Amino acid sequence: MNISTILKQKKVVLSFEVFPPKRQDDFATVSEAAKKLVSLRPDFVSITCGAAGSQKTGTADVAELIEQHGTTALAHLTCVRLTRDQLDAAIADFKARGIQNVLALRGDLPKDAQPGENLFPAGLRHASDLVAVLKREGFCVGGACYPEGHPESLNRDSDIENLKHKVDAGVDFLTTQMFFDNDMLYSFLYRLQSAGIHVPVLAGLMPITSARQVNRMVDLSNAYIPRKLLSLCDKFRGSEDAMWQAGIAYVTDQIIDLISNGVRGVHIYTMNKPRVAQAIMQNVDSILSATNGTAAS
């Protein structure tokens, strides 16, 4: 099913994200995690491709597995080092596997890039270029956005302007980079409305279940870490179980606040940990059901 259709049918959606295996012999482990996530009945599951310019295989394989288990899949596709032949092959492969939804990304610039290397051989230098191609091919297309501004943007105004190009190219919905302070998202949504961007925005959340995750999240996303979360990590870093429970409670509070304030969807970066997703669902399943007017399972 197209995610745009799901968004029309529900007041708020909930989705998970998984990443494919780095090696083919890890596929069984990833597929088992994906099956457990699907059993929690999210509205869709997003499957990443490479991070930081690396190349991972298996995005389409995991997406197909998720579709076969009755859940909508959102496959990621990036522009970096993508040739025209690879683009055509990816589009044909997605269609052959019944994948209808694609998240169009420029992709992180590779750390091993050589001086003068053409990083965009297909001629798609921006996510908006890829969006246009995918829309012509009939896909429902998602895009990424950054509540605190893309790290490569000159300022927040230019970031919104670039995002507007992406939306004008045909993006059906947006998913945010992780954030830990809901006020950051609310301010961002206001700026989007002022810029004439009205597509649904799904709030991307990363559960912090170990204190060491905080520094890594800052490095990856440059996200602002609220004092409340820092204090939580400092207080419970000595107890793995306490930190896990506190992290689940923190992200649950975020979700309840977001839903109460009319956010269209919540997207959980699960890091392939079904236990985390299950704990969150247990905390919010009745809230989601009440919001959408459905019976809790």
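To be clear, the structure that these remarks concern was listed above.
Fair warning: this is a prediction, and the values are worked out from it, not measured in the lab. Think of each chain on its own: its residues are numbered from 1, step by step along the sequence as written. It should be noted that, the model being predicted, local features are given only for residues of pLDDT at least 70 and side-chain atom pairs only at 80 or more, the latter also being counted only at that level, while totals for whole chains, interfaces and linings use all residues. Water and hydrogen atoms were dropped before computing side-chain values, which therefore reflect all heavy atoms in the structure.

Section: the side chain of Ser-4
Secondary structure counts use DSSP, requiring at least four H or I residues in a row for a helix and at least two E residues in a row for a strand, with both numbered from the N terminus. Its location among the elements puts Ser-4 in helix α1 (residues 3-9). The class of Ser-4 is buried, set by a relative accessible area of 19%. Only heavy atoms enter the contact rule, under which two residues are in contact if any of them lie within 4.5 Å. Setting aside residues up to four positions removed in sequence, Ser-4 forms contacts with Cys-140 and Asp-172. The rule is simple: take the accessible area with a 1.4 Å probe, protein chains only, and divide by the maximum for that residue type; under 20% is buried, over 50% is exposed, in between is partly exposed.

Side note on the pattern of salt bridges
Where charged atoms of side chains with opposite charge meet at close range, the side chains can pair. Salt bridges, as used here, are contacts in which a Lys or Arg side-chain nitrogen is within 4 Å of a carboxyl oxygen on Asp or Glu. By the definition in use, this model includes 10 salt bridges. Lys-95 serves as the salt-bridge partner of Glu-137, at 2.7 Å between the closest nitrogen and oxygen. Pair noted here: Glu-137 is in the loop between α5 (127-136) and β5 (140-145) and Lys-95 is in helix α4 (residues 84-96), with a separation of 42 residues, a long-range link. Here Glu-137 falls in the partly exposed class, since its relative accessible area comes to 34%. With a shortest N-O distance of 3.1 Å, Asp-168 and Lys-164 are connected by a salt bridge. Here the residue Asp-168 and the residue Lys-164 both occupy positions in helix α6 (residues 156-168), the gap between them amounting to 4 residues, near one helical turn.

Here we look at the packing of aromatic side chains
Any pair of Phe, Tyr and Trp rings, taking the six-membered ring for Trp, is counted once the centres come within 6.5 Å. Such a pair is stacked with planes under 30 degrees apart, edge-to-face with planes over 60 apart, and tilted for the rest. If you walk through the whole model with that rule in mind, you get 2 aromatic pairs. Plain terms: the ring middles of Phe-44 and Phe-173 are 6.3 Å apart, the flat faces sit at 55° to each other, and that makes the pair tilted. Here Phe-44 is found in strand β2 (residues 44-47), whereas its partner Phe-173 is found in strand β6 (residues 173-176), with 129 residues between them in sequence. On the basis of relative accessibility, which here comes to 0%, the residue Phe-44 falls in the buried class. Judged by its relative accessible area of 0%, Phe-173 is buried. Between Phe-94 and Phe-139, the ring centres sit 6.3 Å apart and the planes meet at 85°, which makes this aromatic pair edge-to-face. Of this pair, Phe-94 sits in helix α4 while Phe-139 sits in the loop between α5 and β5; the two residues are 45 residues apart in sequence, bridging distant segments of the chain. The criterion is that NZ of a Lys, or CZ of an Arg, lies within 6 Å of the ring centre and within 35 degrees of the ring normal, and then a charge sits over that ring. One cation-aromatic arrangement involves Arg-275 over Trp-244; the distance from NZ or CZ to the ring centre is 3.8 Å.

A few points about the side chain of Thr-175
Within the secondary structure, Thr-175 sits in strand β6. The class of Thr-175 is buried, set by a relative accessible area of 8%. In this structure Thr-175 touches Gly-143, Ala-144, Cys-145, Leu-202, His-267 and Tyr-269, once residues within four positions along its chain are discounted.

As for the sheet that holds strand β3 (residues 72-78)
The strands making up a sheet associate through hydrogen bonds between their backbones, and the pairing can be parallel or antiparallel. A strand pair is defined by DSSP finding two or more bridges across the two strands. The strand order β1-β2-β3-β4-β5-β6-β7-β8 describes a closed barrel built from 8 strands, whose pairing is parallel. Here the average twist between neighbouring strands, direction ignored, is 25°. Here, axes are lines fitted to C-alpha atoms. For helices the fit covers the stretch in contact, and angles between N-to-C directions go from 0 to 180 degrees. Across the sheet, helix α3 (residues 59-68) touches β1 (13-18), β2 and β3, and the angle it forms with β3 is around 170°.

Overview of empty space enclosed by the protein
It is the rolling of a water-molecule-sized probe over the atoms that shows where space remains empty. Using only the protein atoms, space was sampled on a 1 Å grid; points where a 1.4 Å probe fits but cannot get out form cavities, open sets with protein on both sides within 12 Å along at least five of seven lines form pockets, and lining residues are those with an atom within 4 Å of a point. Grid points are joined across faces, edges and corners, and a volume is the space filled by probe spheres set on the points. Counted by the stated rule, this structure contains 2 cavities of 30 Å³ or more. Lining the largest cavity, in full, are Met-206, Pro-207, Thr-209, Gln-213, Tyr-269, Thr-270, Met-271, Lys-273 and Val-276. For this scheme, ten residues count as nonpolar: Ala, Val, Leu, Ile, Met, Phe, Trp, Tyr, Cys and Pro. Four count as charged, namely Asp, Glu, Lys and Arg, and the remainder, Gly too, count as polar. Taken together, the residues of the lining of the largest cavity break down into 5 nonpolar, 3 polar and 1 charged. Space inside the second largest cavity adds up to approximately 40 Å³. The wall of the second largest cavity is formed by Phe-180, Met-206, Pro-207, Ile-208, Leu-229, Gly-247, Tyr-250, Val-251 and Gln-254.

Concerning the pairing of strand β4 (residues 101-105)
Of all the 5 residues making up β4, 5 are buried; the element is thus mostly covered by neighbouring parts of the structure. Of the two faces of β4, the one lined by Asn-101, Leu-103 and Leu-105 and the one lined by Val-102 and Ala-104 are each fully buried. Examined bridge by bridge, β3 and β4 share 5 bridges and lie parallel to one another. By the bridge assignment, Thr-78 is partnered in β4 with Leu-105. With the strands aimed away from the viewer, a crossover counts as right-handed if its path from the first strand over the helix to the second runs clockwise. One crossover worth recording links β3 to the parallel β4 by way of α4, and it is right-handed. Inspection of the sheet shows β4 paired to β5 by 3 bridges, in the parallel sense. Residue pairing for β5: Val-102 is matched across the bridge by Val-141.

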